[in-house]
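Spelled out from the first residue to the last, the chains are:
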Amino acid sequence: MIIAEIAQAHDGSLGNAYAYIEALAATGVDAIKFQTHIAEAESSIHEPFRVKFSKQDATRFEYWKRMEFSLDQWKGLKAHADAHGIELISSPFSNLAVDWLEEIGVKRYKIGSGEVSNWLMLEKIAKTGKPIILSSGMSSWEELDQTVGFLKTYGNPLSILQCTTAYPTAPEQWGLNVIQELKDRYQLPIGFSDHSGDIFACLSAASLGAEIFEFHVVFDKRQFGPDTLASITIDQTEQMVKGIKAIQKALKNPIDKTQIKPFQDLKKIFEKSLAVNRAMKKGDIIQPEFLESKKPKGFGIDAKDYAEVIGKKINKDLSQWGFLNWEDLES
């Protein structure tokens, strides 16, 4: 599953949110993901900014308030996504947000890194019976073990994303090794949540067998927003989707290097036969510096057998650049 994360890239504009749905539906992603923020339910005036980026919001609470959409607006966004053939997912950050997402009819839930320990909300989500995608960004193995164990008791289809909570994430922070560690530890579908701001991390994760991909998207890397540096553009999204699908197709079709029968005709064209690079007389002795290799294969001794002709006498005159065959040599 390939998920394009909008988060707050819409900057509180319902029109922007609609535009993102339309643009991303044409890129080949499977889903567009928002975040459902209801300020009074999830936050308070005491919540600090992670990074003080906003020039118009005095507090983080005011920022979340500006990012809110009403329940009716969420219903409109869901209908718009359905009409464009793209699944709408939204990460909830409160129990009330879960109620709203249930009312609009989401198919699955993505749990943000900061909510892994929010068992109050996780229980509510688990009781829906819907699939859960769990991001591991800020969690230790012990914390993940506990939450995975907690969720497994409800029986929901569960998957986990390797994620590093850094914006943007440098290559040395990607944690690609954790993908296999998660697979081995939990025997669940494992994916990758990316904040690198480029396409390389997800492509690397695809080559390592990640099954779910999530990444932030913006219309332009110069636009305002807290996640812009950690996002890719719409055009990059289309390129990355193609890359992920190509890598997955390659992984599903392993090559057997013992099977070279399909290349027999090509081998005759590209491989080479021995030839002499000068005119030679009967009785001359072949030296390494007298030899050349020429296409195609089969018109002379195979080039790989050159050592076997060194020091041999030829039994007839040979013209320059003529092929050398076994019958041209004294036995």
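Residue positions are given per chain, counting from 1 as you read along its sequence in written order. Owing to the predicted nature of the model, reporting of local features is limited to residues with pLDDT of at least 70; listing and counting of side-chain atom pairs is limited to 80 or more, with chain, interface and lining totals taken over all residues. With hydrogens and water set aside, each side-chain value is computed from the structure's full complement of heavy atoms.

**What to know about the overall build of the protein chain**
Point 1. For the purposes of this entry, the term helix denotes a DSSP run of H or I that reaches at least four residues, the term strand denotes a run of E that reaches at least two, and both are numbered from the N terminus. Along the backbone of the protein chain there are 11 helices and 11 strands.
Point 2. For 331 residues, the compact-globule formula gives about 20 Å, and the C-alpha radius of gyration of the protein chain, at 31 Å, lies well above that figure.
Point 3. Projected onto the principal axes, the alpha-carbon positions of the protein chain cover approximately 100 × 45 × 35 Å.
Point 4. Here the term buried applies to any residue with accessible area under 20% of the maximum for its type, exposed to any over 50%, and partly exposed to those in between, with areas from a 1.4 Å probe on protein chains only. With 331 residues in all, the protein chain has 46% of them scored as buried.
Point 5. A separation threshold of at least 6 residues defines the contact pool for the protein chain, and within that pool the share at least 24 residues apart is 66%.
Point 6. Where accessible areas are quoted, they stem from the Shrake-Rupley method and a 1.4 Å probe; at the residue level, only the protein chains shown are allowed to cover. Just so you have it, the protein chain exposes about 16500 Å², and 53% of that area is on carbon and sulfur atoms.
Point 7. We count Lys and Arg on the positive side and Asp and Glu on the negative side, and we leave His and both chain ends out. The atoms used to mark charge sites are NZ of Lys, CZ of Arg, CG of Asp and CD of Glu. Once the 39 positive and 45 negative side-chain charges of the protein chain are each reduced to a mean point, those two points are 7 Å apart. For the radius of gyration, the atoms used are the C-alpha atoms, and the globule rule reads 2.2 Å times the number of residues raised to 0.38. Contacts are residue-level and defined by heavy atoms, with any inter-residue pair within 4.5 Å sufficient.

**Focus on the domain arrangement of the protein chain**
Point 1. Each domain's extent was defined by an automatic or database domain assignment. Each domain of the protein chain was delimited in the assignment, giving domain 1 (2–252) and domain 2 (261–328).
Point 2. Here the C-alpha centroids of domain 1 and domain 2 sit 63 Å apart.

**Structural notes on the pairing of strand β1 (residues 2–7)**
Taken residue by residue, a regular strand's side chains alternate between the two faces of the sheet.
Point 1. Counting buried residues along β1, 6 of its 6 residues qualify, which places the element largely inside the surrounding structure.
Point 2. Residues Ile2, Ala4 and Ile6 of β1 are buried on one face, and the alternating residues Ile3, Glu5 and Ala7, pointing to the opposite face, are buried as well.
Point 3. The sheet contact formed by β1 and strand β8 (residues 213–218) spans 4 bridges and is parallel. Residue alanine 4 lies in a different strand from β8, and its bridge partner there is phenylalanine 215.
Point 4. A crossover links β1 with its parallel partner strand β2 (residues 31–36), the connecting element being helix α1 (residues 14–25), and its sense is right-handed. At least two DSSP bridges between two strands are needed for those strands to be called paired. Crossover handedness is defined here as right-handed if the route from the first strand over the helix to the second strand goes clockwise, with the strands pointing away from the viewer.

**Re a nonpolar patch on the surface**
Point 1. Together, Ile260, Phe263, Leu266, Ile269 and Phe270 make up an exposed nonpolar region whose accessible area comes to about 490 Å².
Point 2. Secondary-structure assignment places isoleucine 269 in helix α11 (residues 264–270).
Point 3. Given the relative accessible area of 47%, isoleucine 269 is considered partly exposed. Patch definition: residues above 30% relative accessible area lacking any salt bridge, with like charges linked at up to 9 Å and the nonpolar side chains Val, Leu, Ile, Met, Phe, Trp and Tyr linked at up to 5 Å. Salt bridge criterion: a side-chain nitrogen from Lys or Arg within 4 Å of a carboxyl oxygen from Asp or Glu.

**Observations regarding the UniProt feature "domain: AFP-like" (unreviewed entry) in the protein chain**
Point 1. UniProt positions are given in the numbering used here, feature names are shortened, and annotations may be inferred rather than shown by experiment. Under the feature "domain: AFP-like" (unreviewed entry), the UniProt entry names residues 273–331.
Point 2. Span residues 273–331 is 0% helix and 14% strand, its end C-alpha atoms 20 Å apart.

**Concerning the side chain of serine 135**
Point 1. Structurally, serine 135 can be placed in strand β5 (residues 132–135).
Point 2. In protein, a polar contact requires one atom able to donate a hydrogen and another able to accept it; more generally it is a pair of N or O atoms within 3.5 Å, and residues adjacent in sequence count only if both atoms are side-chain atoms. Polar contacts involving the side chain of serine 135 include one to the side chain of serine 113, which spans 3.2 Å.
Point 3. Here serine 135 is in contact with Lys110, Ile111, Gly112, Ser113, Val116, Leu161, Cys163 and Ser193, once residues within four sequence places are set aside.

**Some words on the environment of phenylalanine 290**
Point 1. With respect to the helices and strands, the residue phenylalanine 290 is situated in the loop between β10 (273–276) and β11 (291–294).
Point 2. With a relative accessible area of 16%, phenylalanine 290 lands in the buried category.
Point 3. Considering only alpha carbons, one finds phenylalanine 290 and methionine 280, 10 residues apart in sequence, at a separation of 9.1 Å.
Point 4. Residues contacting phenylalanine 290, with those up to four places away along its chain left out, are Ala275, Val276, Asn277, Arg278, Met280 and Ile285.

**Re unusual backbone geometry**
Point 1. Cis geometry is adopted by the peptide bond preceding proline 168, which originates at tyrosine 167 and carries an omega value of -5°.
Point 2. You can see proline 168 is positioned in the loop between β6 (158–163) and α8 (177–186).
Point 3. Residue proline 296 follows lysine 295 across a cis peptide bond; omega there is 5°.
Point 4. Looking at the secondary structure, you find proline 296 in the segment after β11.
Point 5. A positive phi angle is found at glutamine 187, which is not glycine, with a value near 55°.
Point 6. Inspection of the secondary structure assignment puts glutamine 187 in the loop between α8 and β7 (190–194).
Point 7. Residue tryptophan 321 is not a glycine yet carries a positive backbone phi of 70°.
Point 8. With respect to the element layout, tryptophan 321 can be found in the segment after β11.
Point 9. Overall, tryptophan 321 belongs to the partly exposed group, its relative accessible area being 42%.

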